[in-house]
Amino acid sequence: MVNKKYYAVRRGRHPGIYRQWFGPEGAQVQVAGFPGAEYKGFGSLEEAEYFMRPHENNDAQGRTRDDGVILVFTDGGALGNPGPGGFGVVILEPDCPPRELCGGFELTTNNRMELMGGIAALEALTGNQAIILHSDSRYLVDAVNKGWARSWRRKGWRKSNGTPALNIDLWARLLDLLEKRNVRFKWVKGHAGNVWNERCDQLVHAAIAGGGLAVDEGYGQSPV
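From a predicted model like this one, the values you see are computed outputs, not experimental measurements.

## Some points on unusual backbone geometry
Alright, step 1. Residue Pro82 is reached from Asn81 by a cis peptide bond, and omega for that bond is 10°.
Alright, step 2. Looking at where Pro82 falls in the secondary structure, it is placed in the loop between β4 (70-78) and β5 (83-92).
Alright, step 3. The backbone of Trp157 sits at a positive phi, close to 60°, despite the residue not being glycine.
Alright, step 4. Its location among the elements puts Trp157 in the loop between α5 (148-154) and α6 (168-180).
Alright, step 5. A positive phi angle, near 55°, is found at Asn167, a position not held by glycine.
Alright, step 6. Summarising the element assignment, Asn167 is placed in the loop between α5 and α6.

Quick look at the structure:
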């Protein structure tokens, strides 16, 4: 059993992180008899600090959920489009600190990096928990939610007007992942103050600036 070394009081007489439970300097006196007190003990400071972050009731604001649902936020972009690009991912699992992923490529496009964000997130997750994946890309969210991508695949990667579908190598990877997982896609407005969307954008730029960019082997080999 892990010893609780940090006690986070999110709602109490004096909210904060305490190193002891009992005593006049402990967390207990901050919550005892306090209506609606919110507190929890943790084995690490990182977990306690995450618990203390402001959480909204809106999923799109990054609230971790009590029902076991995993919240995922993704973003992607390319400088110059096409140009050097990257993707960023934040994974929020219940009662866990945020997990971050990112990657960069020498030459790619905005849409390919939006797709790569979703792919990287789902490839990093195991188990059968329900997932809500948030993205500010209408291209990604609408193609999944409105069934366009699955229709393209059924028609030999052709759109309804007969023209070739785009980025078919990445769509094939993503659709294969979606066959195995319980995932719901949700659009969020970009650069609108959503803390996790903004963090993903930061990860995109960090990946591009970090050097050692990979080759996007699918770029140029199929319609993009």
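## Some points on the sheet that holds β5
Alright, step 1. Overall, mixed pairing links the five strands, which are arranged β6-β5-β4-β7-β8 in an open sheet. The outermost strands of the open sheet, each flanked by one partner alone, are β6 (99-108) and β8 (183-187). Each neighbouring strand pair of the sheet contributes to a mean axis angle of 20°, computed without reference to strand direction.
Alright, step 2. Relative to strand β7 (residues 131-135), β4 is paired through five bridges, and the arrangement is parallel. Opposite Phe73, over in β7, you have His134 as the bridge partner.

Parameters and conventions
- Residues numbered from 1 in each chain as written.
- Predicted model: local features only at pLDDT ≥ 70, side-chain atom pairs only at ≥ 80, totals over all residues.
- Heavy atoms only, no water.
- Helix = DSSP H or I, 4+ residues; strand = E, 2+ residues; numbered from the N terminus.
- Pairing = 2+ DSSP bridges.
- Axes fitted to C-alpha atoms, helices over the stretch in contact; angles between N-to-C directions.

Honestly, it's all geometry; don't read function into it.
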